[in-house]
Amino acid sequence: MMHYFLTEEQQMIVDICRQIVDERIIPARAGLDEKGTFPWEIIKEIGKSDLFRLFVPEEYGGMGTGIFNVCLATEELSRGDLSVATSYAASGLGFIPILVMGNEEQKKKYLPQLASGEKLAAFGLTEPEAGSDASSVRTRAVKEGNWYILNGTKQWITNGGEAEIYTIFASTNPERGARGISAFIVEKGTEGFEFGKKEDKLGIRASATRELIFTDCKIPKENILGSEGMGFIIAMRTFDQSRPAVGAQAVGVAQAALEEALNYSKVRKQFGQTISSFQAIQHMLADMATQVEAARALVYHAARVIDSGEKNIAKLSAMSKLFASDVAMKVTVDAVQILGGYGYMKDYPVEKMMRDAKITQIYEGTNQIQRSIIALELLKRGAL
Ligand SMILES: Cc1cc2nc3c(=O)[nH]c(=O)nc-3n(C[C@H](O)[C@H](O)[C@H](O)COP(=O)(O)OP(=O)(O)OC[C@H]3O[C@@H](n4cnc5c(N)ncnc54)[C@H](O)[C@@H]3O)c2cc1C
């Protein structure tokens, strides 16, 4: 048993998540993956267990316990199922812009509903023509009296259709590029706000990924976050805080694959002995365990640094997401290899873990983009 110097409260968060994983998530995950059904019952259980409160300060109905605790919960949920953990973490991603830039009124109105798990949030930045280059969003928000009128389409938005509260990035001044983007809170049910079909995906199939379509969607001017032109900064500051949680997703799924491979290696016999007696398998397991441990250490460190109040977090945050997601991909592929042909079958969970792990290298900025962020910070501030 490894020791991560967790407080009693943090160990409790881990234990609560483990119970949900063992009792609710593991028995359901293969079915959810096959049918692609959104895991509402499990999400409600997570809400009842107060885990959404970890994202929110106490004065708004949360537990104000910081990114490290969010990472602990996310990692444990990801050991069970990455679709569930993604739905959980993406709601947090939708809250963070309100936390970062919301005014008192917005925080009082929205955060308690999100903290209780009563409502989910979502984060709408990506568009068909604006992926890595998020500054090129074409969704427009035009001010008319006391309203903003939104027109445009967001693509691949996690929790799309299931969430009630959306933070949406739209241009209020296309001539100013990134500095013309603004962020808005948009509620489900607003006239002119509709959803596209749920995407059919390689992995995290039970998570909801949908288009958000805005057609002359009229939202009150009070729903802007910060002021006009601050949207891009809000998005970047949100990612700086949220990326360690993607790292935590990666660590969780990698840990689960390692455990499956280890257990299998001790029971599968070939040539009259367990495959764990072969040095080739032992060395793979040793490398997998070392990589998972290193990824976890980096994610925990990044989260603790953010919680310390440090401002320059972009590099460490990007590193934790980059390293952990590359580890998750490698470890889940190796787990399939250790299970051999059985690893390729749906009778065992490792093929699903491999499919699921891939997304952690793509969303919240691809790993190429993470490398660019790290390099930029290195060149700007030096290597320490
Ligand atoms: C399942 C899923 C869920 C998602 N959830 C959300 C969500 O909730 N909210 C949201 O806003 N978005 C979401 N996204 C979008 C996601 O963040 C984008 O897919 C991602 O940022 C990459 O954009 P893209 O897919 O358009 O790839 P592109 O930007 O087209 O990139 C294609 C390839 O080119 C590389 N590339 C691009 N630019 C550069 C560069 N400058 N240097 C080097 N390489 C480069 C990329 O790394 C990639 O390998 C989700 C995506 C998926 C698949």
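Residues numbered from 1 in each chain as written. Predicted model: local features only at pLDDT ≥ 70, side-chain atom pairs only at ≥ 80, totals over all residues. Heavy atoms only, no water.

Undergrad: So what exactly am I meant to see when it comes to the overall build of the chain here?
TA: Scanning the chain from terminus to terminus reveals 10 helices and 10 strands. Against the 2.2 N^0.38 benchmark of 21 Å for 384 residues, the chain shows a C-alpha radius of gyration of 21 Å, consistent with a compact globule. A burial count over the chain gives 53% of its 384 residues as buried. Of the contacts formed within the chain by residues at least 6 apart in sequence, a portion of 75% connects residues at least 24 apart. Accessible area for the chain stands at about 17100 Å²; split by element, carbon and sulfur atoms hold 54% of it. (Helix = DSSP H or I, 4+ residues; strand = E, 2+ residues; numbered from the N terminus. Rg over C-alpha atoms; globule rule 2.2 N^0.38 Å. Buried < 20%, exposed > 50% of the residue type's maximum accessible area, 1.4 Å probe, protein only. Contact = heavy atoms within 4.5 Å. Areas by Shrake-Rupley, 256 points an atom, 1.4 Å probe, with all protein chains shown as cover.)

Undergrad: Looking at this structure, how should I read the environment of isoleucine 168?
TA: Position of isoleucine 168 among the secondary structure elements: in strand β4 (residues 165-171). Each C-alpha atom, one on isoleucine 168 and one on glycine 94, is 9.1 Å from the other, the two residues being 74 residues apart in sequence.

Undergrad: In this structure, what is going on with the nonpolar core? I would like to understand it.
TA: Side chains of nonpolar character tend, in soluble globular proteins, to be buried together. One finds Ile46, Leu51, Tyr88, Leu150 and Val186 to be the most contacted residues of the largest nonpolar core, which totals 110 residues. Here this core takes 15 residues from helix α6 (residues 231-267), the largest share from any one element. Filtering out sequence-adjacent residues up to four positions away, leucine 51 remains in contact with Ile13, Ile16, Cys17, Ile20, Ile46, Ala73 and Tyr88. Membership of the second largest hydrophobic core comes to five residues, among which are Ala314, Ala318, Leu322 and Ile374. (Core = buried A, V, L, I, M, F, W, Y, C linked by side-chain atoms within 4.5 Å.)

Undergrad: Got a minute to help me understand the site of the ligand in this structure?
TA: The environment of the ligand is made up of 16 residues, and the closest members are Phe123, Thr126, Ser132, Thr158 and Thr366. Taking threonine 126, its side chain carries an N or O atom lying 2.7 Å from a nitrogen atom of the ligand. One of the side-chain N or O atoms of serine 132 is found 2.6 Å from an oxygen atom in the ligand. For the ligand, whose unbound accessible area comes to 970 Å², protein coverage reaches 65%. Mapped by element, the contributors of at least two residues to the shell around the ligand are β3 (147-158) and α10 (367-381). (Near = heavy atom within 4 Å. Polar contact = N/O pair within 3.5 Å; in protein donor to acceptor, adjacent residues only side chain to side chain.)

Undergrad: Please clarify how unusual backbone geometry should be interpreted in this entry.
TA: Generally, phi is negative for residues other than glycine and the peptide bonds are trans, each holding for most cases. Even without glycine at this site, aspartate 50 takes up a positive phi of about 70°. Relative to the elements of secondary structure, aspartate 50 occurs in the loop between α2 (40-48) and α3 (66-80). Overall, the relative accessible area of 29% leaves aspartate 50 in the partly exposed class. With phi around 30°, isoleucine 204 is a residue other than glycine that occupies positive phi space. Following the sequence through the fold, isoleucine 204 ends up in the loop between β6 (193-198) and β7 (209-220).

Undergrad: What is the right way to read the environment of serine 171 from this model?
TA: Mapped onto the fold, serine 171 is located in strand β4. When the C-alpha atoms of serine 171 and phenylalanine 232 are compared, they prove to be 9.7 Å apart, with 61 residues separating the residues in sequence. If we skip the residues at most four places from it in the chain, serine 171 touches Val137, Thr139, Arg140, Ala141, Gly180 and Ile181.

By themselves these figures say nothing about function.
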